[in-house]
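Chain by chain, the residues:
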Amino acid sequence: MKFETDVHVARGLGSAKSGVHHWIIQRVTAIALIPLSLWFTCAFIVLVTAPYEYAREWLSTPWAVTFSILFIFLIFYHGYLGMRVIWEDYVPQTSTKWALLIGTKILSTLMAVLGIVSILKVFIS
Amino acid sequence: MRDSLKARRPLSPHLQVYKIQITSLLSILHRGTGMVLYGGAVFCTLWFLALAEGSETYGAMQGFLLHPVGLIMLMGLSFSFFYHLCNGMRHLLWDVGIGYDLPDVRKSGWLVVIFSFLLTGFAWILGIMLGEILS
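It should be emphasised that the depicted structure is a prediction, and the values quoted were computed from it without experimental measurement.

Trainee: Before we move on, can you summarise the overall build of chain A with the specific residues and values?
Mentor: Within chain A one finds five helices and zero strands. Element order for chain A, N to C, with α for helix and β for strand: α-α-α-α-α. The 125 residues of chain A split such that 24% are buried. Considering only intrachain contacts with a sequence separation of at least 6, the fraction spanning at least 24 residues in chain A is 71%.

Trainee: So what's going on with the nonpolar core? Residues and values would help.
Mentor: I72(A), I75(A), F76(A), A41(B), F48(B) and L51(B) are the most contacted members of the largest nonpolar core, which totals 39 residues. Within the residue set of this core, elements represented by two or more residues are helix 2 (19-47), helix 4 (62-90) and helix 5 (94-124) of chain A together with helix 2 (22-53), helix 3 (55-66) and helix 4 (68-95) of chain B. At eleven residues, the largest contribution of residues to this core is made by helix 2 of chain B. When near neighbours in sequence (up to four residues on either side) are disregarded, I72(A) contacts A112(A), G115(A), I116(A), I119(A), C44(B) and T45(B).

Trainee: Report on the interface of chain A and chain B, specifying residues and quantitative values.
Mentor: Each partner contributes residues to the interface: chain A has 32 residues there, and chain B has 33 residues. Broken down by secondary-structure element, the contributors of at least two residues to the side of chain A that touches chain B are helix 2, helix 3 (52-58), helix 4 and helix 5 of chain A. Taken together, the residues of the side of chain A that touches chain B break down into 20 nonpolar, eight polar and four charged.

Trainee: Any chance you could break down the packing of helix 5 of chain A against helix 2 of chain B for me, citing the residues and the numbers?
Mentor: For the pair helix 5 of chain A and helix 2 of chain B, interaxial distance at closest approach is 8 Å and the crossing angle is 30 degrees. Relative to helix 2 of chain B, the element helix 5 of chain A lies roughly parallel. For the pair helix 5 of chain A and helix 2 of chain B, the crossing hand works out as left-handed. When helix 5 of chain A is examined against helix 2 of chain B, the residues M111(A), L114(A), G115(A), S118(A), I119(A), K121(A) and V122(A) are found in contact with a partner set consisting of A41(B), V42(B), C44(B), T45(B), F48(B), L49(B), L51(B) and A52(B). Here the residues of the contact of helix 5 of chain A with helix 2 of chain B are counted per class, giving eleven nonpolar, three polar and one charged.

Trainee: Give a description of the environment of G99(B) that names residues and reports values.
Mentor: Residue and element names in this part refer to chain B. Position of G99 relative to the elements: it lies in the loop between helix 4 and helix 5 (102-134). Note on G99: 14 C-beta atoms within 10 Å, which makes it partly exposed. G99 has contacts with L93, W94, D104, V105 and S108, leaving out every residue within four places of it along the chain.

Trainee: Let's hear about helix 2 of chain A: which residues, and what values?
Mentor: Along an α-helix, a turn takes 3.6 residues, which lines up residues three or four apart on a common side. An ideal rise of 1.5 Å per residue puts 42 Å on 29 residues; helix 2 of chain A measures up with 39 Å between its terminal C-alpha atoms. Of all the bends in helix 2 of chain A, the greatest, near 40 degrees, is centred on L33(A), and the proline P35(A) appears no more than four residues after it. For helix 2 of chain A, every residue scored as buried is listed here: T29(A), A30(A), L33(A), S37(A), F40(A), I45(A) and L47(A). Looking at the buried side of helix 2 of chain A, the elements it contacts are helix 3 and helix 4 of chain A together with helix 4 and helix 5 of chain B.

Trainee: Tell me about the packing of helix 2 of chain B against helix 4 of chain B, residues and numbers included.
Mentor: All names here are of chain B. Interaxial distance between helix 2 and helix 4 falls to 9 Å at its minimum, and their mutual angle equals 130 degrees. Accordingly, the angle class assigned to the pair helix 2 and helix 4 is oblique. Considering the relative orientation of helix 2 and helix 4, their crossing is left-handed. Within the contact between the two elements, helix 2 uses L26, L29, H30, T33, G34, V36, L37 and G40 and helix 4 uses G76, L77, S80, F81, Y83, H84 and N87. When the residues that make up the contact of helix 2 with helix 4 are grouped by side-chain class, the tally is seven nonpolar, eight polar and no charged.

Calculation rules
Residues numbered from 1 in each chain as written. Chains lettered and ligands numbered in written order. Predicted model: local features only at pLDDT ≥ 70, side-chain atom pairs only at ≥ 80, totals over all residues. Helix = DSSP H or I, 4+ residues; strand = E, 2+ residues; numbered from the N terminus. Buried ≥ 20, exposed ≤ 12 C-beta atoms within 10 Å, placed from the backbone. Contact = placed C-beta atoms within 7 Å. Core = buried A, V, L, I, M, F, W, Y, C linked by C-beta atoms within 7 Å. Nonpolar A, V, L, I, M, F, W, Y, C, P; charged D, E, K, R; others polar. Axes fitted to C-alpha atoms, helices over the stretch in contact; angles between N-to-C directions. Parallel < 35°, antiparallel > 145°, perpendicular 65-115°, else oblique. Left-handed = near helix turned anticlockwise from the far one by under 90°. Expected span 1.5 Å × (residues − 1). Bend = angle between axes of the 7 residues up to and from the residue.

Scope: geometric values only; no functional claims are made or implied.
Next up, the structure:
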């Protein structure tokens, strides 16, 4: 049995051992989003003033559907990681912080799945 | 005892008493535009949802986007996107160890600002020109 407490535990400075994964995934999603977000922006610039049928037709090819699903998945993954850091850094109240962290996780999951299901619905119908 | 030691841990810089420099301003803007873009991400999902719902819902969505309120929103969103994109690439270069000297950091910062405005302007000119052809 150990009678001494580790210094890093006593000072509350220990690492959670999960920061590296967060850091790497944030960058991986960022790199993937460079071409994907540019692709979506270009498509959106054309579609925003175009008729409805035009947009339906755009989302009827397997490539457009694949890129759209990846785009939606990655913006919410990258966005969730970013928002999480902001809440962790600037919200001092623990209960508010937890509420925001869990709320962001729920909202991100919900919106990502809703977006992907909508894309698939357009593709299938 | 654990709490009192914890209280002495360093804090993030207090924004109210921090002298604004190009470096700090761009850093704050990166987080600010990131938050704006989270809202933009939710809007992307709603746009796909409107497309899936049918021509009526999509028409309403398009009507909102092309309404002055929607256009102002898109303007903020597009600038946030291009800024976050350019400054994000600056961050990725730092991650591999490029451009760390202070003069380089300031130079790349100004480049990011210039390119964000240029790309936003270019996107809008393209959008307006295409809008006139398609409508």
